[in-house]
Amino acid sequence: MLRIYQNTNRRTARKAVVYSTKVVCCNHSTLCNITSQSRRTGSASGARWEQHSNRSHEEFLLGGNQARGWTIPPHSRGYGMFVVRILRGALKLRYIVLGGAVGGGVSLSKKYEDWKDGLPDLKWLEDALPQGERWTQFSKNLIEVGSTVKNAIEIAKDDIKSKTTVAALGIPADESRKKYDKLQSQVETLQTEIMNVQIKYQKELEKMEKENRELRQQYLILKTNKKPTAKRIKKSLIDMYSEVLDELSGYDTGYTMADHLPRVVVVGDQSSGKTSVLESIAKARIFPRGSGEMMTRAPVKVTLAEGPYHVAQFRDNDREYDLTKESDLADLRREVEFRMRSSVRGGKTVSNEVIAMTVKGPGLQRMVLVDLPGIISTMTVDMASDTKDSIHQMTKHYMSNPNAIILCIQDGSVDAERSNVTDLVMQCDPLGRRTIFVLTKVDLAEELADPERIRKILSGKLFPMKALGYYAVVTGRGRKDDSIDAIRQYEEDFFKNSKLFHRRGVIMPHQVTSRNLSLAVSDRFWKMVRETIEQQADAFKATRFNLETEWKNNFPRLRESGRDELFDKAKGEILDEVVTLSQISAKKWDDALTHKLWEKLSNYVFENVYLPAAQSGSQNSFNTMVDIKLRQWAEQALPAKSVEAGWEALQQEFISLMERAKKAHDHDGVFDQLKSAVVDEAIRRHSWEDKAIDMLRVIQLNTLEDRFVHDKTEWDQAVKFLENSVNTKLEQTDETLSQMFGPGPWTRFVYWKSITQDQQKRRSVKGELDKILKNDAKHLPTLSYDELTTVRKNLQRDNVDVDTDYIRQTWFPVYRKYFLQQALHRAKDCRKAYYLYTQQGTECEVSCNDVVLFWRIQQVIKVTGNALRQQVINREARRLDKEIKAVLDEFSDDEERKGYLLTGKRVQLAEELIKVRQIQEKLEEFINSLNQEK
């Protein structure tokens, strides 16, 4: 006000200062207010006021007038002259008030017009906003979905809380510790499940909000058929600085290279009042509170900025919380607590993941604060074993920034010797050039502590640590429901009425209240920002030049592509490969499906259908047994096995396409690991359509009902199919016999092989079994008791002692080889017996029932393969494409997964170069705005 009036009339203003001084001297509190106001304005008169305020009250009253040459009229002149002086002072004081009011109104009007001009032009919204019922219904549905999710989360929380309460009631002495541990593990498991569900619904809600905004924007553009005016809202200086810090947080986490930019680090012992000090500076109860338990489990970066409305917003969320509404405050505290608990994984108690938020409001001082977990001296049983060390390392990590302002919080209601934080602060800032000491809970300290000790603390004589300044604050009165306004009023009343702080020479007035503390911290913060920002910008220019030179030398023909860009390119290539699945020829699909089906079904056909029926010894019962087993198989296992074979064939073909793409001349190997991970995850999640099993069951049952081969071509194909299948089984049987009996004489002679004692014994048993098969060409697949006894006695004569189980184990592969050889002979005989079969049917002289069986199996494989091929082309390829898109969308939001799937020198160098460019651009933008503000 004085500055405005001085600009209007400098001579009159100087005289006004003199008279206003005489009036204000009578009230010391008013003088202090004007002093602080003048100091902020930076005017010359403010400096003179500050000079007066540093003197004691008595000196100002007694000696101030004489020091300036003012003379009080003698008593002899009477009271007339005294009355004249009072009237003259009152008249001039009227001009001061009038000039201040006029100047303040003009200044306020100008600021309002500047603020109004900075707002975007939103007149187009009046014509563009939708008015239809469709948009209203969509909004209602979205609100109902959010309410439903919120209610579900609350119900789940109540369930967990009840179960946790039951587990915490205590275990009787006669119960074992094992039962208690079991209950605790169940509670932890349920809490983890609830956390995962809450994270899932939170992501869904954010996704729906994003889609809602996009749909609304598209709707408005289509309705108005014009683009909205692109008037850019100018960012505030503190918002620009906060964005720079956010970029740096992911680039230089150790403060080892370039991230030396200032931020205010709030440190202190647990329950010392750190969070309350931060809330008092932010003028809102924004953090969750607990009774003695650790609530701050992760660093919280709070960017304070001045704004017309008191709101808070997270960095990664568009929702604004109205801090004047208790419901929004409760939602904000729940969100902070949820993010903190979500950041703690793997049994940890604290996390290094930063929770970033912005708080704007009228009268807030611009700065960036980081609230850290409180330092503890003793751990409880529910904490991780490394909690104490983790908190110490985290605190040192943030204080090690040479330009960080350390806001050291000390609880005034406890003994100073119990402090843990002062030693850590003294290690990181031994000279106290960037430390501000804050004594909290001084209202309790006045009742409990020695006043002399408090005076020593606030004068910097009790602790060995040094600091820029010492402050005393009151941040509450033990009531959780108190608002910030009530707390601030209580603080002001306390310092007005406190005997300790009103005694002569105890403390300076500017060392008390949260308001003065926030002013001092903000002033120091911006001073350090102006001192260091140019140096940091120069460091990033040099870093960028070095990185660009390295890129040109290593990758001269490639553009710097970050992980996000590379991921988008890999995403397109993967989806293109899925499209090529539908372009594979029908013949290739049939071959692949037929091969995979027989690979899945051959073992069952031989072991459960063909061999039991063929080895029964009766040709009359062969078809009956085959029909029964085939029907049971088709009704139960065959459809599911067929679907499994189809899915494996689809998977194999897709992987083959990916492998062929790697051999292309323009293939980029940086995508290989990502593509493999996406394909593997999509294949793991994908399942065949359920109704396919029922459809295949009907087709397969109808096909198996046909028992008559229709033409010679099909007969020859069935004979060939039988021969190939039997030959494959013969090869497997020969391998088993080779392992059982050892190498033959020629192999032993040429390769210097030998046989074991057990193999020699097996050979002796085989010799006896061959005699049985030679005497009985139609022997049954099992040995009789008499045959087993005969074999044992014959072997004992040759000094070979074996039991009956040993003989049976040897008999099984020997008989199988003999039977399969007989089956091959029958297949050769049946090759030319088709016309006998068509004329005589089942009464044909040549038994060809096994050929008919394999023809029926062959027909089932053909119709099944055809059905699977149609389903792959029409349905499953598109379903797999959707599954891959879902996996890609999930991977795109997982920065950690993209980090280890897209790796290598090229990716890392490009990422670093892109990051450095972004930081440098933001730094230059901030420096330009900072210089304009000066």
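Starting afresh in each chain, residues are numbered from 1 along the sequence in its written order. This being a predicted model, a pLDDT of at least 70 is required before a residue's local features are given, and a value of 80 or more before pairs of side-chain atoms are given or counted; all residues contribute to the totals for chains, interfaces and linings. Excluding hydrogens and water, the side-chain figures rest on all heavy atoms present in the structure.

## Re the side chain of threonine 532
Right, on to step 1. Here threonine 532 lies in helix α18 (residues 514-554).
Right, on to step 2. Since its relative accessible area comes to 7%, threonine 532 is described here as buried.
Right, on to step 3. Throughout, a residue-residue contact means that at least one pair of heavy atoms, one from each residue, lies within 4.5 Å. Aside from chain neighbours lying at most four places away, what touches threonine 532 is Pro262 and Asn403. Numbering goes from the N terminus for both helices and strands, where a helix is a DSSP run of H or I of at least four residues and a strand is a run of E of at least two. Here the term buried applies to any residue with accessible area under 20% of the maximum for its type, exposed to any over 50%, and partly exposed to those in between, with areas from a 1.4 Å probe on protein chains only.

## Some points on the packing of α18 against helix α33 (residues 905-933)
Right, on to step 1. Lines are fitted to the C-alpha atoms to define the axes, a helix being fitted only along its stretch in contact, and any angle between axes, read from their N-to-C directions, falls within 0 to 180 degrees. Running from N to C, α18 and α33 point in directions that differ by 150°, and their axes come no closer than 8 Å. When the axes of α18 and α33 are compared, the pair comes out roughly antiparallel. For the pair α18 and α33, the crossing hand works out as left-handed.
Right, on to step 2. When residue character is reported, Ala, Val, Leu, Ile, Met, Phe, Trp, Tyr, Cys and Pro are called nonpolar, Asp, Glu, Lys and Arg charged, and the others, Gly included, polar. Of the residues belonging to the contact of α18 with α33, the class tally is 16 nonpolar, five polar and twelve charged. Relative orientations are named as follows: roughly parallel for angles under 35 degrees, roughly antiparallel for angles over 145 degrees, roughly perpendicular for angles from 65 to 115 degrees, and oblique for any other angle. Handedness of a crossing is defined here by the sense of rotation of the near helix relative to the far one, left-handed for an anticlockwise turn of less than a right angle and right-handed for a clockwise turn.

## A look at the state of the cysteines
Right, on to step 1. The term disulfide is used for any two cysteine sulfur atoms that are within 2.5 Å. All told, the structure shown has one disulfide when counted by the stated rule.
Right, on to step 2. Each disulfide pairs two cysteine sulfurs, and for cysteine 830 the partner residue is cysteine 848, the sulfurs being separated by 2.1 Å. As the torsion about the S-S bond is roughly -105°, the cysteine 830-cysteine 848 disulfide counts as left-handed. One end of the pair, cysteine 830, is in helix α29 (residues 804-830); the other, cysteine 848, is in the loop between α30 (834-840) and α31 (849-892), and 18 residues separate them in sequence.

## A look at the pairing of strand β7 (residues 405-411)
Right, on to step 1. Burial within β7 is extensive, with seven of its seven residues counted as buried.
Right, on to step 2. Every second residue of β7 is oriented toward a common face, with Ile405, Leu407, Ile409 and Asp411 on one face and Ile406, Cys408 and Gln410 on the other, all of them buried.
Right, on to step 3. In this sheet, β7 lies alongside strand β1 (residues 264-268) in parallel orientation, the contact comprising five bridges. Counterpart to valine 265 in the pairing with β7 is isoleucine 406. Strands were regarded as paired on the criterion that DSSP finds at least two bridges between them.

## Section: the confidence of the model for the protein chain
Right, on to step 1. The quantity called pLDDT is the predictor's confidence in a given residue, expressed from 0 to 100. Considering every residue of the protein chain, the mean pLDDT works out to 76; 71% of them sit at 70 or more.
Right, on to step 2. Looking at the elements of the protein chain, mean pLDDT is at its lowest for helix α2 (residues 10-24), recorded as 36, and at its highest for helix α25 (residues 712-741), recorded as 92.
Right, on to step 3. Every residue in residues 1-77 scores below 50 in pLDDT, and together they form 55 contacts with partners more than four places removed in sequence or on other chains.
Right, on to step 4. In this model residues 224-233 is a low-confidence stretch, pLDDT under 50, and it forms 14 contacts with partners more than four residues away in sequence or in other chains.

## Quick word on the packing of aromatic side chains
Right, on to step 1. Here is the rule: rings of Phe, Tyr and Trp (six-membered ring for Trp) pair when centre to centre is within 6.5 Å. Planes less than 30 degrees apart are stacked, more than 60 are edge-to-face, and the remainder are tilted. A complete count under the given rule lists 23 aromatic pairs for this structure.
Right, on to step 2. Geometrically, the ring pair formed by phenylalanine 437 and tyrosine 470 is tilted, given 5.7 Å between the ring centres and 50° between the ring planes. Remark: tyrosine 470 occurs in strand β9 (residues 469-472) and phenylalanine 437 occurs in strand β8 (residues 435-440); sequence separation between them is 33 residues.
Right, on to step 3. The exposure class of phenylalanine 437 is buried, given its relative accessible area of 1%.
Right, on to step 4. Here tyrosine 470 falls in the buried class, since its relative accessible area comes to 14%.
Right, on to step 5. For the pair tryptophan 746 and phenylalanine 749, a centre-to-centre distance of 6.5 Å together with 40° between the ring planes defines the contact as tilted. Taken together, the positions of tryptophan 746 and phenylalanine 749, both in helix α26 (residues 745-751) and three residues apart, correspond to about one turn of that helix.
Right, on to step 6. With a relative accessible area of 64%, tryptophan 746 lands in the exposed category.
Right, on to step 7. One aromatic cluster is present, built from ring pairs that chain together Trp598, Phe606, Tyr610, Phe721, Trp811, Tyr815, Tyr818, Phe819 and Phe854.
Right, on to step 8. Whether a charge sits over a ring comes down to the Lys NZ or Arg CZ being within 6 Å of the ring centre and within 35 degrees of the ring normal. A cation over a ring is seen here: lysine 761 above tyrosine 806, with NZ or CZ 5.8 Å from the ring centre.

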